[in-house]
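Topology and contacts: notes
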Amino acid sequence: MKEQQAVNRQTYDQVMLPIYSPAEFIPVRGEGSRVWDQQGKEYIDFAGGIAVLALGHCHPALVTAVREQSEKLWHLSNIFTNEPALTLAQKLIEATFAERVFFANSGAEANEAAFKLARHYAITKHSPYKTKIIAFKQAFHGRTFFTVSVGGQAKYADGFGPKPADIIHVPFNDLEAVKAVIDEETCAVVLEPVQGEGGVTAATQEFMEGVRKLCDDNKALLVFDEVQSGMGRTGQLFSYMHYGVTPDILTTAKALGGGFPISAMLTTTEIAQAMGPGAHGTTYGGNPLACAVGNAAFDIINTKEVLDGVAKRRECFVAHLNKLNDKYGIFSEIRGMGLLIGAELDGKLQGRSKDILQACATEGLMMLSAGPNVLRFTPSLIISEAEINSGMAKLEQAISRLFS
Ligand SMILES: *Cc1c(COP(=O)(O)O)cnc(C)c1O
């Protein structure tokens, strides 16, 4: 047997598909909003994966859920069902518009299911020509070929040959643009209520209400991708609840398992019935281990204490960011909802999110961007005030270093 060798950042370049350029340090342990690397250096985590770790690293309730379920039952095929999956489905239905649930393993898979369902529903219920999907520029829906094609960023979708047809992209928050292209051959309008990857842009109230009405008028389904904005991230369980605009299909993932891979697609009974046995499926989706963790995460996130705490923490972040801006003049806008916060870069730091992330890592802060010009904050929903203060002090040090 080959002896196991120590690994470091150079190993990445030797063994991995070169699709990422990870930071120079390798985290090995996390607790709440703190992380330690191979050298024992401590970091504050303002990223939480990418809006995944809603309860921070290694939350004791999630650790217990994994441990207990891992000693009972890990996996079953879809020839059987399991208790954790049924319980989690019940909870999601109880808390939302939904009446039916499909579990998968990632955001892209949940969206793939949503888009297939929307197409299948329109084709079987209305007409074989009702296949047009209206989506938005800058949108992000995942990396499978269908989801990357519905996403609105050419840099992710181009270079892989012919794409699925009948997908139209129009500017986000532009109701007239949707009105101009929607028709009776439209099967769905797909949007993120708060665009995450594309720059942290929230939909306007008028846009959400207008799109809902256009969908109704054209018998098109409204699909909300809440993979990033869902599970408490904005201070409501799902961000559609802020708007009072209900989708026909909703997808969620990232925070659903608090770091354990699981995603869900929610819909109504009527729409779900378009698909019969065999119409769609997955090997791992809805496995007992993932659903057990999902149940534990759900029980904590969907409480008044955690959801109400989001607004308070947002205020704290925004106050810090405003103070930084007064001193350095680096942000043109601070936006987003709840703990999905975007700070658009301006002045000397315009377009330099990468440099800032690197400087942050040196100071011991894990940060995110959303493109070259937006700093993105997606911390744990239960990050402490002391951790926010400490992380913000590190951010200021990183920024002052870029100024000197
Ligand atoms: C992250 C993300 C996805 C893709 O999720 P994966 O788990 O990476 O497949 C889809 N939609 C949105 C809005 C996301 O933020």
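What you are looking at is a predicted structure, and each value in this text was computed from that prediction instead of being measured. (Residues numbered from 1 in each chain as written. Predicted model: local features only at pLDDT ≥ 70, side-chain atom pairs only at ≥ 80, totals over all residues. Heavy atoms only, no water.)

Turning next to the packing of aromatic side chains. By the definition in use, this model includes 12 aromatic pairs. Measuring from ring centre to ring centre gives 5.2 Å for Tyr328 and Phe403, while their planes differ by 45 degrees; the resulting arrangement is tilted. Here the residue Tyr328 occupies a position in helix 13 (residues 304-328), and Phe403 occupies one in helix 15 (residues 385-403), the gap between them amounting to 75 residues. These aromatic residues form a ring-pair network of at least three members: Phe46, Phe317 and Phe377. The ring of Trp36 carries the charged tip of Arg29 above its face, separated from the ring centre by 4.3 Å. (Phe/Tyr/Trp six-rings, centres within 6.5 Å; stacked < 30°, edge-to-face > 60°. Helix = DSSP H or I, 4+ residues; strand = E, 2+ residues; numbered from the N terminus. Lys NZ or Arg CZ within 6 Å of the ring centre and 35° of its normal.)

Turning to helix 5 (residues 107-125), a few remarks are in order. Taking 1.5 Å of rise per residue, the 19 residues of helix 5 would be expected to cover 27 Å, and the 26 Å separating its terminal C-alpha atoms lies within 8% of that figure. Taken together, the buried positions of helix 5 are occupied by Gly107, Ala108, Ala110, Asn111, Ala113, Ala114, Phe115, Leu117, Ala118, Arg119, Tyr121 and Ala122. (Expected span 1.5 Å × (residues − 1). Buried < 20%, exposed > 50% of the residue type's maximum accessible area, 1.4 Å probe, protein only.)

This brings us to the packing of helix 13 against helix 15. Packing of helix 13 against helix 15 brings their axes to within 11 Å, and their N-to-C directions diverge by 20 degrees. In terms of orientation, helix 13 lies roughly parallel with respect to helix 15. When you trace helix 13 past helix 15, the crossing you get is right-handed. Judged by residue contacts, Arg313, Cys316, Phe317, His320, Leu321, Leu324, Lys327 and Tyr328 of helix 13 engage Glu385, Ile388, Asn389, Met392, Leu395, Glu396, Ile399, Ser400 and Phe403 from helix 15. Among the residues making up the contact of helix 13 with helix 15, the classes are represented as 10 nonpolar, three polar and four charged. (Axes fitted to C-alpha atoms, helices over the stretch in contact; angles between N-to-C directions. Parallel < 35°, antiparallel > 145°, perpendicular 65-115°, else oblique. Left-handed = near helix turned anticlockwise from the far one by under 90°. Contact = heavy atoms within 4.5 Å. Nonpolar A, V, L, I, M, F, W, Y, C, P; charged D, E, K, R; others polar.)

Next up on the list: the UniProt feature "modified residue: N6-(pyridoxal phosphate)lysine" (unreviewed entry) in the chain. Feature annotation in UniProt assigns "modified residue: N6-(pyridoxal phosphate)lysine" (unreviewed entry) to the following positions: Lys254. Residue placement: Lys254 occurs in the loop between strand 11 (249-252) and strand 12 (263-267). Excluding residues within four positions of it along the chain, Lys254 makes contact with Ile50, Ala51, Val52, Val227, Gln228 and Gly259. (UniProt positions renumbered as here; feature names shortened; annotations may be inferred.)

Applying the stated rule across the entire model yields 18 salt bridges. Between Arg9 and Asp13 there is a salt bridge; the shortest N-O distance is 3.2 Å. On the criterion of helical spacing, the pair formed by Arg9 and Asp13 is a turn pair, its members being four residues apart in helix 1 (residues 9-15). When its relative accessible area of 12% is taken as the criterion, Arg9 is described as buried. Since its relative accessible area comes to 56%, Asp13 is described here as exposed. Here Lys91 and Asp299 are joined by a salt bridge, their closest N and O atoms 3.0 Å apart. (Salt bridge = Lys/Arg side-chain N within 4 Å of Asp/Glu carboxyl O.)

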